[in-house]
Amino acid sequence: MVIADSYRLVTYMKMAAMTDTRIEDPTPATEAVIDAVTDEPDAGSDVGIELPAADAAVAPNAELGGQTVGNVHCDNAFMIAENVNVHYGDNHAIRDVTLEIGKKQVVALIGPSGCGKSTFLRCLNRMNDTIEVARVTGTITLDGKDIYRKSQDPVALRARVGMVFQKPNPFPKSIYDNVAYGPRIHGLAGDRAELDSIVHSSLERAGLLKEVKDRLEEPGTSLSGGQQQRLCIARTIAVNPEVILMDEPCSALDPIATARIEDLMDELCEDYAIVIVTHSMQQAARVSRRVAYFHLGHLVEVDDTDKVFTNPQHKLTEDYITGRIG
Amino acid sequence: MSKEMTTRERVEAGLGRRRRKETMFRTVGVLATGVGIMFLGVFFATLLAKGSSAFVQTFVQLDVVLDAETIAPGGELDLAYADFEGLVRSSLRKEFPGVSGRTERRELYRLVSTGASYQLRDMVADDPTLIGTTQSLWVPAASNVDMLLKGNIDAAVDESLRPLSDAQIEWIQALQDSGRVETRFNLALFTNGDSRDPELAGIKGAMMGSFYMLLVTIALSFPIGVAAAIYLEEFAPRNRWSDLIEVNINNLAAVPSIVFGLLGLAVFINYLGLPRSAPLVGGLVLTLLTLPVIIIASRAAIKAVPPSIREAALGLGASQMQVVFHHVLPLAMPGMLTGAIIGMSRALGESAPLLMIGMVAFIVDVPGGFTDPATALPVQIYLWADSPERAFAERTSAAIIVLLGFLLLMNLAAVIIRRRMERKW
């Protein structure tokens, strides 16, 4: 673990350093955003193009460190992060982030690589606990209770806050066992019939049942990438969590599989709160109700998705969604 | 070099040098492999050439009169005192009526192994109704006869320079002519314990000693090693202490094995009072020896489990222990088993520490348990290699072949287990 962590740390720092030098053009270009996001949402226009360097380079830190602009509050908020700071050793990865997550909505976390959005996401179900050098301060409450309090069992928390990872990671077990694993360890099913029905309904809701119902005993790893990721989603919802965290769930998938997952998110947000980290601004625009823009560990701007994409309040947000920071 | 050289010209100019280097490296590689294979080939060839003859043994056919008066004087059968040797001798005398005089007769008797009378005794013990009949049976020839027929004793040299006299060679010739000499599979090699007589010596005692020892070793070192590896890799905090432990485990793996033998002698035998020469103590010492190997292999196997599987399980709310036992351990098991089997084969071939704990004694009985005195296969090889009798030379090689066979089987098992378990998904 130590090696992986220090590797992550180094990568993180490199990314941060890179981002520093790449913020080059602070000129607003709202029209481009409107073109890219509202007019042709499915055209796949690439907003990540690097524009040529402009003359006036502004130190990004001059614009950072202030209050998060937009609106961090929301209706039905039940998971509230306040002044969250994360340190990886000496590296201050997340700085004073305050964000509310409401029921039945999708919140997208966007930002350049290494901006801390994945780190923040992993704070929400205490996955950072497994990294020894990570230190989390501030409070994150779920239904009014601090999830970092001493009496909070991270195991119980993760049953309420599920997670889907960047790379599909089914267990090397059968499809059935993959989905049944969560209910089994939490004792959610009284007997085999109940477990069967949980597995079936989870696969159904993940939109995978039709494709796999005749081969539930085959290994989960035999599925295609998109199917594997839906299997991982089915596995997560089988525990019936309240929040689902998704860490770039489509970055390893082709566009068709991505579209299926996005449709799935639309359906799932009727029951769950979803927090998704994504590099694709189109995806953020398509699936999320609210967008949070992270930059170098700061939460720069949070607001309703259409507001952020049509009328960003902060210069950095604007630069990012117009493709000046990538 | 002119300045006008293009990039392409520069690349092409350097190509020849690069190719030469590559060819040279390949040649060296082929040579190294070739030399290695050659050494192995020489090793196996000499072993087989020397040892294969030990798997057959010369037998002599004798017509033995199971005289009731000799075996059971007064009608009472007393196996311990019955003179079976006398019966074997009289049947030899009958075969060669012309032999007279003490010295000559004694030479005649030496054609047949002392095992013949034991064989006769066992036969009578099994079936007392045979008393009074004449039985024709095959008994092992003396080792010198065996050696002569296998060509290891040269009949052409002067009588004083070989262990068989001219008369003896003549008798053997006569027996051969009358079809009373035969070579058969040497079953005694696998069913007998050690013996001073090469034709009676077998490796069963050593095999059983090794077997009991490995049983103790695997029963202790695998669970302890795997548990230690799991704890160190998954649960132990990373600090100065765990670093220290790690360094020490790696160092222990490199400690000369004889040191473990001394430790075993001091702790298990002198301090704890466990019996000397016992497979139990041998197993304990070999456990100490294989533990570091198993811990290191198991830790490597655990490290090789992809972190994504751990994260998946953690993300679902599995506890650290569930992550380890449901996901990490099954995936790491093939690697752990491979490590364990490699550790076991090292333990099987180990002899130095066993010398220290008294397993080098001459033990005739086949051990029947963990505390019976025993030797082990490699120690048996050492003992036989030290014996002056000619026939022990080929038996040494035969025992080495058997040992290598076991090692091969164990390594094969490691490969098969790894394949089978990895293919599962």
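Scroll up for the structure.
All values reported here derive from a predicted model rather than from experimental measurement. (Residues numbered from 1 in each chain as written. Chains lettered and ligands numbered in written order. Predicted model: local features only at pLDDT ≥ 70, side-chain atom pairs only at ≥ 80, totals over all residues. Heavy atoms only, no water.)

We now examine unusual backbone geometry. Residue and element names in this part refer to chain A. Backbone geometry places Asn76, a non-glycine residue, at a positive phi of 60°. With a phi close to 50°, Lys104 is a non-glycine residue in the positive phi region. The residue Lys104 is located in the loop between β3 (91-102) and β4 (106-110) in this model. (Helix = DSSP H or I, 4+ residues; strand = E, 2+ residues; numbered from the N terminus.)

Next up on the list: the sheet that holds strand β1 (residues 56-65) of chain B. Residues and elements named next belong to chain B. Spatially, the 3 strands line up as an open sheet ordered β2-β1-β3, and their pairing is antiparallel. Either end of the sheet is taken by a strand with one partner, and the two such strands are β2 (134-140) and β3 (181-185). When strand polarity is set aside, the average angle formed by the axes of neighbouring strands in this sheet is 40°. As paired strands, β1 and β2 are joined by 7 bridges and run antiparallel to one another. Bridge pairing in β2 places Asp63 opposite Ser136. Contacting β1 and β2, helix α5 (residues 115-126) runs over the sheet at an angle of about 135° to β2. (Pairing = 2+ DSSP bridges. Axes fitted to C-alpha atoms, helices over the stretch in contact; angles between N-to-C directions. Contact = heavy atoms within 4.5 Å.)

What follows is about the interface of chain A and chain B. One widely used convention gives an interface's size as the accessible area the parts lose upon coming together. Counting residues at the interface gives 27 residues for chain A, matched by 17 residues for chain B. Roughly 2000 Å² of surface becomes buried between chain A and chain B when both sides are summed, with 65% attributable to carbon and sulfur atoms. It is A:Phe171, A:Pro172 and A:Tyr181 in chain A that bury the most area against chain B; as a group they hold 26% of the surface buried on that side. Linking chain A to chain B there are 1 salt bridge. (Buried area = accessible area lost by both parts, 1.4 Å probe. Salt bridge = Lys/Arg side-chain N within 4 Å of Asp/Glu carboxyl O.)

A separate point is the packing of helix α13 (residues 307-315) of chain B against helix α14 (residues 320-348) of chain B. Residues and elements named next belong to chain B. α14 packs onto α13 with a crossing angle of 145° between their chain directions and a minimal axis gap of 10 Å. Classified by chirality, the crossing of α14 by α13 is right-handed. Listed contacts from α14 to Ile309, Arg310, Ala313 and Leu314 of α13 are Gln320, Val323, His327, Val328 and Leu331. Across the contact of α13 with α14, the residue classes tally to 6 nonpolar, 2 polar and 1 charged. (Left-handed = near helix turned anticlockwise from the far one by under 90°. Nonpolar A, V, L, I, M, F, W, Y, C, P; charged D, E, K, R; others polar.)

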